[in-house]
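# Survey of secondary and tertiary structure
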Amino acid sequence: MEAIGQAAVVEDAVRYCFFAATGSGGEALLRRCAEGVAVRFAPLLAAYIWQRQPFRLRYVPPRGETPAHLGGTTLFGDNVEDEWFIVYLVREITREFPGLAARIDDNDGEFLLIEAADFLPKWLNPENSDNRVFFYKGELHIIPLSETQEKEYGPSAANLTISQALTLLSSHSEEFLAAEPIRTAVYKRISGYPEKIQASLHRAHCYLPAGIVAVLRQRPSLVAAAVQAFYLRDPVDLRACRSFKTFRPEERVMTVVTFTKCLYAQLVQQKFVPDRRSGYTLPLPSHPQFKAYELGMKLAHGFEILCSKCSKVSPDSKRNVLSGPLWQRFLSSLKEKNYFKGQMEGSAKYSELLHMAEDYFQQSLTKPEGCVEVSPGDEILTLLQTTTIDLQELEREAACLPPEDNDSWLELTPDDLDQMLKEAGSESLQSSNEEEQKYDLETFAESMKAFVSKVSTHEGAEMPWSSDDSHVTFDVDSFTKALDRILGADSEELDSDDLDEEEEFDFSDEDDENFDAENQRPDEEVSPNELIGSLKSYMNEMDHELAHTNVGKSFTTQKKGASSVKAATSESTGHDSGAEDTELTPVDVDMNLVANLLESYSAQSGLAGPTSNILQSMGVYLPENADHASSVE
């Protein structure tokens, strides 16, 4: 998105921009849209646990050719699901607010196009894709090149400005709707939301200090910052963990902590032994609650590291933010949207939802552009100062905890991997019943011949289904002269020994004149038809010479009165037509091609290889060799 006047996106971050589709969105309108988005999606975003940074919209004033818009950048770190959840949000926002058109990219560029790379039009490439891909009214749109640009597409094609793109999009939105395969590929990646959010969570028992339990009750998303602090720790960070000043190990209780699967995997896979001076001791690995003790110890180190890096913050700062009219309007909107799910005001569940709404409100609506972010450690200390910790109540709750989730998903067995590959293969085939697929050998052979006949460029070879509008120039005169030099000379002068002794075989214009003068009569001109006939005669003599050798017998020949592939579907290698036959049976080129490819494919034994790679790139998927599989069994 550098084309819209912004700096490049940092690694592992996603950037999103919302523009008024008509190009006339004022600051007041965009800010109202931002408030509307915050209220509409609060039930999803308030409880969401982000890996690094949350989804957040800010008003961005006009700059250069870029109009005013709502924008933001979210660092998703190791959890790529955060990025695709934001894609889902962007699509839904444009659906709920049809006056907005959205762009989204990351450090890889137009990653939506990367997801649908197999279905993109030929003209679309990284050089001309800037400001052409939008979400508008809940659908993916791609603005094509103009008629003049389409004739000579490439890096020279001028990129659109945002204003030009919005004008075209608002007036021709139906024409610019992305092709069905492109939209299917992108929508498939974000299918399952919002239900998918719950499936990405993991609940585990942790033996934690009471202060951390109280903090997580009010701000569950702080678990991400604590895991990251522990995961990215260095020796300087661990100095604060030699003697815990904030979270002493004496008052620990068992509790349930909700992680994302990515955070849980990062925490549980870390091998760490606490400092003896810290007071955190672990039971034997055979202890039934060893994992809970270990997870709690690691998480406590993360919280202590966060608190050691912060400055003291006044607890009144949060109260001032939540006392204005904007918060009252936000709270009223949440009640209208049934955010509290019928919970009575003052109940434990109501208070938990209210705390999450307050934190979401602070992050999304009250922080002005360019303000300094409040560190997680500051938030933890503020919560500790404003929260009453009832240790006895926490111990009573620990006695009846719900069971934790099974973490067997961490282990991937070979059978699981095979199942995943089969599912991916069946999806690529886009067929619900593989047994009913028919493999046409003639189509198979034609696809291979079409692939071989294509002309490759520095960008690679064209696949058979790709339309190639470029023309190949063929100089008939030069080709005729080359044949004349080869076939017009006496056979004695063109034996292999003479060719080996040549230091350079160069057909320069000067050599052409000398060679033609020596080997052709001046009053005789050889026509192209005669040259072709001479070449055919020469090839026939070679065929007769090789027909009765082992090389000749290794090829499959055509059966009389039968087509090339249909008549040779059974094995017919080693065909012998008799040594005395003067009339040669033509070699079945298609059958030999298919037989050799199938033999190579069978030799791969189900593994990746050159044959399967070439065929799959052309959209040809061969069935499993049932004969080979049965013999193995």
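Source: prediction; values computed, not measured. (Residues numbered from 1 in each chain as written. Predicted model: local features only at pLDDT ≥ 70, side-chain atom pairs only at ≥ 80, totals over all residues. Heavy atoms only, no water.)

This part covers the overall build of the protein chain. A tally of helices and strands in the protein chain yields 28 helices and eight strands. Here the protein chain holds 633 residues, and the buried ones make up 38% of them. Looking at the protein chain alone, contacts between residues at least 24 apart form 79% of all its contacts between residues at least 6 apart. Split by element, the accessible area of the protein chain, about 37,100 Å² in all, is 51% carbon and sulfur. (Helix = DSSP H or I, 4+ residues; strand = E, 2+ residues; numbered from the N terminus. Buried < 20%, exposed > 50% of the residue type's maximum accessible area, 1.4 Å probe, protein only. Contact = heavy atoms within 4.5 Å. Areas by Shrake-Rupley, 256 points an atom, 1.4 Å probe, with all protein chains shown as cover.)

Now for the packing of aromatic side chains. The description of an aromatic ring pair uses the distance of the two centres, along with the angle that the planes make with each other. According to the stated counting rule, one finds 14 aromatic pairs in the structure shown. Seen from their ring centres, Phe244 and Tyr280 are 4.7 Å apart, and the 50° between their planes marks the pair as tilted. Taken together, the residues span a long stretch of sequence, with Phe244 in the loop between α11 (235-239) and β8 (252-260) and Tyr280 in the loop between α12 (261-268) and α13 (290-308) at a distance of 36 residues. Both residues of the pair, Phe244 and Tyr280, belong to the buried class. An aromatic cluster of at least three residues, connected via ring pairs, comprises Tyr48, Trp50, Phe85, Tyr88 and Tyr193. For Arg233, the ring lying beneath its charged end belongs to Phe230, and the centroid distance is 4.3 Å. (Phe/Tyr/Trp six-rings, centres within 6.5 Å; stacked < 30°, edge-to-face > 60°. Lys NZ or Arg CZ within 6 Å of the ring centre and 35° of its normal.)

Turning next to the packing of helix α10 (residues 222-231) against α13. Packing of α10 against α13 leaves a shortest axis separation of 7 Å and a crossing angle of 90°. Taken together, the axes of α10 and α13 lie roughly perpendicular to each other. For the pair α10 and α13, the contacting residues are Leu222, Val223, Ala225, Ala226, Val227, Ala229 and Phe230 in the first and Lys298, Leu299, His301, Gly302, Phe303, Ile305 and Leu306 in the second. The class makeup of the residues in the contact of α10 with α13 is eleven nonpolar, two polar and one charged. (Axes fitted to C-alpha atoms, helices over the stretch in contact; angles between N-to-C directions. Parallel < 35°, antiparallel > 145°, perpendicular 65-115°, else oblique. Nonpolar A, V, L, I, M, F, W, Y, C, P; charged D, E, K, R; others polar.)

Among the structural elements, Ser173 can be located in the loop between α6 (162-171) and α7 (180-189). If we ignore the near neighbours within four places in the chain, the residues touching Ser173 are Tyr136, His141 and Leu168.

With that settled, the discussion passes to the pattern of salt bridges. Following the criterion strictly, the structure yields 18 salt bridges and no others. Among the ionic pairs, Glu110 bridges to Arg103, the shortest N-O distance being 2.8 Å. Residue Glu110 is classed as buried on the basis of its relative accessible area of 9%. A salt bridge links Glu379 to Arg219; the shortest N-O distance between them is 2.0 Å. Placement of the pair is Glu379 in helix α17 (residues 376-386) and Arg219 in the loop between α9 (210-218) and α10, with a sequence separation of 160 residues. Ionic contacts of the salt-bridge type, sharing partners, join the residues Glu81, Arg189 and Lys196 into one network. (Salt bridge = Lys/Arg side-chain N within 4 Å of Asp/Glu carboxyl O.)

The two faces of strand β5 (residues 133-136) match: Val133 and Phe135 on one face and Phe134 and Tyr136 on the other face are all buried. Note: strand β4 (residues 100-106) against β5, two bridges, orientation antiparallel. When the sheet's bridge partners are listed, Ala102 is paired in β5 with Phe135. The pairing of β5 with strand β6 (residues 139-142) spans four bridges and is classified as antiparallel. Within the sheet, the bridge partner assigned to Tyr136 lies in β6 and is Glu139. Counting the residues between successive antiparallel strands, the hairpin from β5 to β6 contains two residues, one of them, Lys137, with a positive phi of roughly 55°. (Pairing = 2+ DSSP bridges.)

Attention shifts here to the confidence of the model for the protein chain. Mean pLDDT over the protein chain: 78, with 71% of residues reaching 70 or higher. Confidence drops under a pLDDT of 50 for residues 1-5, and excluding neighbours within four residues, the segment shows 16 contacts in the predicted structure. Taken together, the stretch residues 501-508 has pLDDT below 50 and engages in four contacts with residues farther than four places along the chain or on a different chain. (pLDDT = per-residue confidence, 0-100.)

This part is about α12. Counting buried residues along α12, six of its eight residues qualify, which places the element largely inside the surrounding structure. Residues Cys262, Leu263, Tyr264, Gln266, Leu267 and Val268 constitute the buried set of α12.

Turning our eyes to something else, we now look at the nonpolar core. Ranked by size, the top nonpolar core spans 64 residues in total, and within it Phe18 and Phe55 carry the most contacts. Among the elements that take part in this core, helix α3 (residues 80-96) stands out by supplying eight residues, more than any other. Among residues more than four places away in sequence, those in contact with Phe18 are Phe55, Leu57, His69, Leu70, Val90, Ile93, Thr94, Leu100, Ala101 and Ala102. Counting residues in hydrophobic clusters, the runner-up holds 42 residues, among them Val253, Val257, Phe272 and Cys310. (Core = buried A, V, L, I, M, F, W, Y, C linked by side-chain atoms within 4.5 Å.)

This part takes up the sheet that holds strand β3 (residues 69-75). Spatial strand order, β2-β3-β1-β4-β5-β6: six strands in an open sheet with antiparallel pairing. Among the strands making up the open sheet, the edge pair consists of β2 (58-60) and β6. Taking each pair of neighbouring strands and ignoring which way they run, the sheet shows an average axis angle of 30°. Sitting on the sheet, α7 touches β5 and β6, and the angle it makes with β6 is about 135°.

Attention now moves to the environment of Val236. Its location among the elements puts Val236 in helix α11. Residues Val236 and Ile305, spaced 69 residues apart in sequence, show a C-alpha to C-alpha distance of 9.6 Å.

On to a nonpolar patch on the surface, then. Together, Leu546, Val551, Phe555, Val587 and Val589 make up an exposed nonpolar region whose accessible area comes to about 410 Å². In this structure, Phe555 sits in the loop between α25 (550-553) and α26 (589-603). Judged by its relative accessible area of 36%, Phe555 falls in the partly exposed class. (Patch = residues over 30% accessible without salt bridge, like charges linked within 9 Å, V, L, I, M, F, W, Y side chains within 5 Å.)

This part takes up the packing of α13 against α17. Where α13 meets α17, the closest approach of the two axes is 7 Å, and the angle between their N-to-C directions is 100°. The angle between α13 and α17 places the two elements in the roughly perpendicular class. Touching Phe303, Leu306 and Cys307 of α13 are Pro376, Gly377, Ile380 and Leu381, all from α17. The residue inventory of the contact of α13 with α17, partitioned by class, reads six nonpolar, one polar and no charged.

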